[in-house]
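Here is what each chain is made of, one letter per residue.
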Amino acid sequence: MLSLTAPSAQVERRLTALEQIESSQTIRTKITQGQHLLVVHSIADPVGEYWDIAYGDLISAEEISEFIDLEERVWKDYGVRLIDITVERQENPWPHPMFPDCASHTYVRLCPKAAL
């Protein structure tokens, strides 16, 4: 027999952060694009900062180091790891429009508010 259980506090925070991102007003956006990496860093009211990231399956070591830099920055600023602030993740078996030479791409939305 299956029973319904309440979502964990972490799931609740992620859903709340996702809803707040969708209904927030963007104050500032910075777009950084590499050959197989696209990072959109936004600051919005009331959610604060968040990142929309897409990367192709041909992502380079240099582009991966950008993730490491972001991980270090988030750890320094918020005391949490990227895995803890992931509010959305989609793995897609087709090329991203910005990376047509890739067979697939992954989309990730990160928001520190999801962990705080």
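Scroll up a little and you will see the structure.
Note that the structure is predicted; figures quoted are calculated from it, not measured.

(A) Quick look at the pattern of salt bridges. The tally for this structure, following the rule as stated, stands at six salt bridges. Its salt-bridge partner being Asp52, residue Arg109 comes within 2.6 Å of it at the nearest N-O pair. Taken together, the residues Arg109 in strand β5 (residues 105-110) and Asp52 in strand β3 (residues 48-56) connect sequence positions 57 residues apart. The pair Arg109 / Asp52 is uniform in exposure class, with both members buried. Put simply, Glu22, Asp52 and Arg109 are held in one network by salt bridges that share partners.

(B) Main features of unusual backbone geometry. Note the cis peptide between Asp45 and Pro46, where omega equals 15°. Mapped onto the fold, Pro46 is located in the loop between β2 (37-45) and β3.

Definitions and limits used
Residues numbered from 1 in each chain as written. Predicted model: local features only at pLDDT ≥ 70, side-chain atom pairs only at ≥ 80, totals over all residues. Heavy atoms only, no water. Salt bridge = Lys/Arg side-chain N within 4 Å of Asp/Glu carboxyl O. Helix = DSSP H or I, 4+ residues; strand = E, 2+ residues; numbered from the N terminus. Buried < 20%, exposed > 50% of the residue type's maximum accessible area, 1.4 Å probe, protein only.

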